[in-house]
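# Chain and residue survey
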Amino acid sequence: MPLGFVACSDDDEPLNPVTPPQEEEQEKEEEEEESKAYQDERAYANFFAYNVMSDVYLWKQEIASALNSWLILADPVEAVEKARYKEAGEDVDKWTMMTSNYSEMVGGTDGISSGTYGCNYKFYLKEENSDKVVAFVTYTYPGSPAEKAGLQRGDVVLEINGKPLDRNNYTDLYYSSSMTVGIGYMLEDGTYSDVEKTAGMTAVSMYEDPVLLSKVFDCGGKKVGYLAYTSFTFESSLALYDVCKKFKAEGISELILDLRYNGGGYVFTEEVLASMLAPEAEVKNKSVFETEIWNDDYMAYYKKKNVDLNTYFRTEFSQTHNEKKYEINTSDANVGISKIYALVTGSSASASEAILVGLNPYLDIEIIGERTHGKYCSGIMWKGADWYQDIVDNYKSNKLDFAKELPEWADWKKYIADWGIYIMISMYADKNGENPCMPDGLQPDVEANDLFYEPYPLGDEREAMLNIALQRAGKTDLQSRVASRSASAYPVGQAIKGKVNPLDGKRIYTGEKIWKKGNLVSNYSVKN
């Protein structure tokens, strides 16, 4: 039996679903089937997902047929993945996702890891068609067990607890409570040394600070700052302020912004950093940083309500996140730079791309590295229970009782559990409405590879991508890049998936515009 649902906005009176006349026996069977559905958390999760997808989803108009065939007792995770926008069978939207563990999804975006060694890896098969795995250390977090144990960029983990690393045990590098790793390095021919040293570690709970390091280089009398930054967490907005204040005091005129491992994060932090890097005159003038484009229905609604969809450079920021209030005044931290050298790879995504797009009309930005990921839209993280409560409140504001109007959904608190969604709601663009990130990412001005297998840590002028940026900035007294142990080619085995940072591929909108429409949802029926 179709299960109907409506909500109301400022402009719409609620309509109750209508069931057409049916034969008594058929009606009885369907009532029994419907009753069972209302006792299954999948129904409540699907109803939540279906309604937000048919309301705020960026590509709402393009997925009309998928919405019309949504099944109430489908697997909610699969239903969302199936419904999200595709062209020729390929995902255009690779990012919208449903989860039954919203708390874990949100918790991971704050940079706080429970049981971590604080080490980032790239994994490869040791040889083609092999089960043996090697793990290249790309960086360690400051103060982490991995850093304290002496792991450094360029090291290759070959063994764990005395056993060769393979497809079955390589994830223990992330999920074990303690371990001893055997470390070697890659040879010039793409093979590997024997284990040269071991390191023992115990996992801890810690904040993995994405501000890895900052320093200043002298480039022929010109001061050039360097910032290695791995994710736009809320907490890092405070550290970024400190870094930019230091850069300002040291009088840098250009900045090397290393975003090669930065998969995105919160728009709030993106805006804080952008306002410290933009020309001070533009900040004082409150010039447009970016604009947002929503789906057709929302664009029409916002136009009618005269809602400003631009964001502006500013110096005062205030927002509460996870019960902590972040208040930052950046008026004394505008760096005053004229150029950014952005170090990027295919792992640079979302907020990393957006900040470069938004700053591009105001600064000389030279992109060094590889084509970026191509995440040109913003999303919100929405808890199912919060959505239901918002609908209940919406009914109440119209002097209606949700439980009486739609009694079949009155037990939502009992069944919605910890379901939630990360859903794409808008596309970002610069002040001119342009986004060079679409559709396949930002193209580099200077192509360069991330030679993570070399033994030079991030921030070392001999590290390959930084070395190119420093040359471009005019540094002529660079140290030789001849390594004591170096490799001339990438690993020969196939790359395999490692642990995903919860912020990778996310640009999380936390503004107020989403609430102004009153959560108007369409009056489709979700079918059994």
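Presented here is a report on the structure given in the accompanying data block. (Residues numbered from 1 in each chain as written. Predicted model: local features only at pLDDT ≥ 70, side-chain atom pairs only at ≥ 80, totals over all residues. Heavy atoms only, no water.)

## With respect to the overall build of the chain
Rule in force here: By definition, any uninterrupted DSSP run of H or I lasting at least four residues is a helix, any uninterrupted run of E lasting at least two residues is a strand, and each is numbered from the N terminus. Exposure classes here rest on a 1.4 Å probe applied to the protein chains alone. A residue is buried below 20% of its type maximum, exposed above 50%, and partly exposed in between. We call two residues in contact whenever any of their non-hydrogen atoms come within 4.5 Å of each other.
Scanning the chain from terminus to terminus reveals 16 helices and 28 strands. Here the chain holds 528 residues, and 55% of them are scored as buried. Nonlocal contacts in the chain, meaning residues at least 24 apart in sequence, comprise 77% of its contacts between residues at least 6 apart.

## What about the side chain of glutamate 271?
When you line up the elements, glutamate 271 lands in helix H9 (residues 267-277). In this structure glutamate 271 touches Phe289, Thr311, Arg314 and Phe317, once residues within four positions along its chain are discounted.

## Considering the packing of H9 against helix H12 (residues 351-359)
Keep this limit in mind: Only C-alpha atoms enter the line fits that serve as axes; for helices the fit covers just the stretch in contact. Angles between N-to-C directions range over 0 to 180 degrees. When the near helix sits turned anticlockwise from the far one by under a right angle, the crossing is termed left-handed; a clockwise turn instead gives a right-handed crossing. Residue polarity is assigned by list, with Asp, Glu, Lys and Arg as charged and Ala, Val, Leu, Ile, Met, Phe, Trp, Tyr, Cys and Pro as nonpolar; anything else, Gly included, falls into the polar class.
Packing of H9 against H12 brings their axes to within 10 Å, and their N-to-C directions diverge by 35°. The two elements H9 and H12 meet at a crossing, and its hand is right-handed. Contacts between H9 and H12 involve Glu270, Leu273, Ala274 and Leu277 from the former and Ala351, Ala354, Ile355 and Leu359 from the latter. Tallied by class, the residues present in the contact of H9 with H12 amount to 7 nonpolar, no polar and 1 charged.

## Here we look at the pairing of strand S21 (residues 339-344)
Spelled out, the test is: By definition, two strands form a pair when at least two bridges between them are found by DSSP.
With 6 of 6 residues buried, S21 lies mostly within the body of the structure. Judged by which residues are buried, S21 turns out to be covered on both faces: Lys339, Tyr341 and Leu343 on one side and Ile340, Ala342 and Val344 on the other are all buried. Two strands pair when backbone bridges link them, and strand S15 (residues 254-258) and S21 are joined in this way by 5 bridges, in the parallel orientation. Of the residues in S21, the one forming a bridge with aspartate 258 is leucine 343. Bridge analysis of S21 against strand S22 (residues 364-369) gives 6 bridges, and the strand direction is parallel. Pairing of leucine 343 across the sheet is with isoleucine 368, part of S22.

## Quick word on the environment of tyrosine 85
When you line up the elements, tyrosine 85 lands in the loop between helix H4 (76-83) and strand S2 (86-87). Expressed as a C-alpha distance, the spacing of tyrosine 85 and glutamate 62, which sit 23 residues apart in the sequence, is 6.8 Å.

## Some details on the packing of helix H8 (residues 236-250) against H9
In helix packing, the relevant descriptors are the interaxial angle and the interaxial distance, both defined with respect to the helix axes. What counts here: Roughly parallel means an angle under 35 degrees; roughly antiparallel, over 145; roughly perpendicular, 65 to 115; everything else is oblique.
For the pair H8 and H9, interaxial distance at closest approach is 9 Å and the crossing angle is 10°. Viewed along their axes, H8 and H9 adopt a mutual orientation that is roughly parallel. Residues Ser236, Ser237, Leu240, Tyr241 and Cys244 of H8 touch H9, and the partners they reach there are Phe268, Thr269, Val272, Leu273, Met276 and Leu277. Here the residues of the contact of H8 with H9 sort into 8 nonpolar, 3 polar and no charged.

## A word on the nonpolar core
Stated precisely, the cut-off is as follows: Among buried residues, the Ala, Val, Leu, Ile, Met, Phe, Trp, Tyr and Cys ones that are joined through side-chain atoms within 4.5 Å form a nonpolar core.
The biggest cluster of nonpolar side chains holds 106 residues, and the ones touching the most others in it are Trp59, Leu277, Leu359 and Trp409. Among the elements that make up this core, the one with the highest residue count is helix H2 (residues 41-53) (9 residues).

## Let's talk about H9
Along an α-helix, a turn takes 3.6 residues, which lines up residues three or four apart on a common side. Most of H9 sits out of view: 11 of its 11 residues are buried. Of all the residues in H9, the buried ones are Val267, Phe268, Thr269, Glu270, Glu271, Val272, Leu273, Ala274, Ser275, Met276 and Leu277.

## Considerations on the pattern of salt bridges
Two side chains bearing opposite charge may form a pair once their charged atoms approach each other closely. This is how the line gets drawn: For salt bridges, the criterion is a side-chain nitrogen of Lys or Arg within 4 Å of an Asp or Glu carboxyl oxygen.
Scanning the entire structure with this criterion turns up 22 salt bridges. Note that arginine 84 and aspartate 91 form a salt bridge whose closest N and O atoms lie 3.3 Å from each other. Here arginine 472 and glutamate 366 are joined by a salt bridge, their closest N and O atoms 2.6 Å apart. Here arginine 472, found in helix H16 (residues 464-472), pairs with glutamate 366, found in strand S22; they are 106 residues apart in sequence, far enough to count as distant. In this structure arginine 472 comes out as partly exposed when scored by relative accessible area, which is 46%. On the basis of relative accessible area, glutamate 366 is assigned to the buried category, the value being 10%. Several salt bridges converge on common partners, so that one network encompasses Arg153, Asp258, Arg260, Asp450 and Glu463.

## Considerations on the sheet that holds strand S13 (residues 211-219)
Here we have 6 strands laid out as an open sheet, ordered S13-S14-S15-S21-S22-S25, and mixed in their pairing. Each having just a single partner strand, S13 and strand S25 (446-447) make up the two edges of the open sheet.

## What to know about unusual backbone geometry
Glycine aside, the phi torsion of most residues is negative, and most peptide linkages are trans. With an omega of -5°, the peptide bond running from methionine 438 to proline 439 counts as cis. Of note, proline 439 is situated in the loop between strand S24 (420-429) and S25. With a phi angle near 55°, alanine 88 is a residue other than glycine that sits in the positive phi range. Note on placement: alanine 88 falls in the loop between S2 and strand S3 (90-91). On the basis of relative accessible area, alanine 88 is assigned to the exposed category, the value being 86%. Of note, the phi angle at lysine 399 is positive, near 60°, even though the residue is not glycine.

## Let's talk about the side chain of glutamate 353
Note the cut-off: This count recognises Lys and Arg as positive and Asp and Glu as negative, with His and chain-terminal groups excluded. Polar contact is the term for a pair of N or O atoms within 3.5 Å; when the atoms are in protein, one must be able to donate a hydrogen and the other to accept it, and sequence-neighboring residues count only if both atoms are side-chain atoms.
The topology assignment puts glutamate 353 in helix H12. This buried residue, glutamate 353, is left without a salt bridge; lysine 375 holds the nearest opposite charge, at 7.4 Å. One polar contact links the side chain of glutamate 353 to the main-chain amide nitrogen of histidine 373, over a distance of 3.3 Å. When residues no more than four places from it in sequence are discounted, the contact partners of glutamate 353 are Ser348, Thr372, His373, Gly374, Lys375, Tyr428, Cys437, Gly441 and Leu442.

## Remarks on the state of the cysteines
As a reminder of what qualifies: When two cysteine sulfur atoms are found within 2.5 Å, that pair is recorded as a disulfide.
One pass over the full model with this rule turns up 0 disulfides. Of the cysteine sulfurs around cysteine 437, a residue in no disulfide, the closest is that of cysteine 377, at 9.0 Å.

## Quick word on the environment of glycine 221
Within the secondary structure, glycine 221 is located in the loop between S13 and strand S14 (222-229). Counting along the chain gives 254 residues from glycine 221 to lysine 475, while the straight-line C-alpha distance between them is 9.0 Å.

## Some remarks on the packing of aromatic side chains
To keep it simple, the criterion reads: A pair of aromatic rings is counted whenever rings of Phe, Tyr or Trp (Trp by its six-membered ring) have centres within 6.5 Å, and the orientation is called stacked for planes under 30 degrees apart, edge-to-face for over 60 and tilted otherwise.
By the definition in use, this model includes 36 aromatic pairs. Here tryptophan 294 and tyrosine 298 contribute two aromatic rings whose centre-to-centre distance is 5.5 Å and whose plane-to-plane angle is 25°, an arrangement assigned as stacked. With respect to class, tryptophan 294 is no different from tyrosine 298; both count as buried. Here phenylalanine 452 and tyrosine 453 contribute two aromatic rings whose centre-to-centre distance is 5.6 Å and whose plane-to-plane angle is 75°, an arrangement assigned as edge-to-face. Exposure class is identical for phenylalanine 452 and tyrosine 453. Each is buried. Linked through ring pairs, Tyr38, Tyr44, Phe47, Phe48, Trp387, Tyr388, Trp409, Trp412 and Tyr415 together constitute an aromatic cluster.

The values are spatial; any link to function lies outside them.
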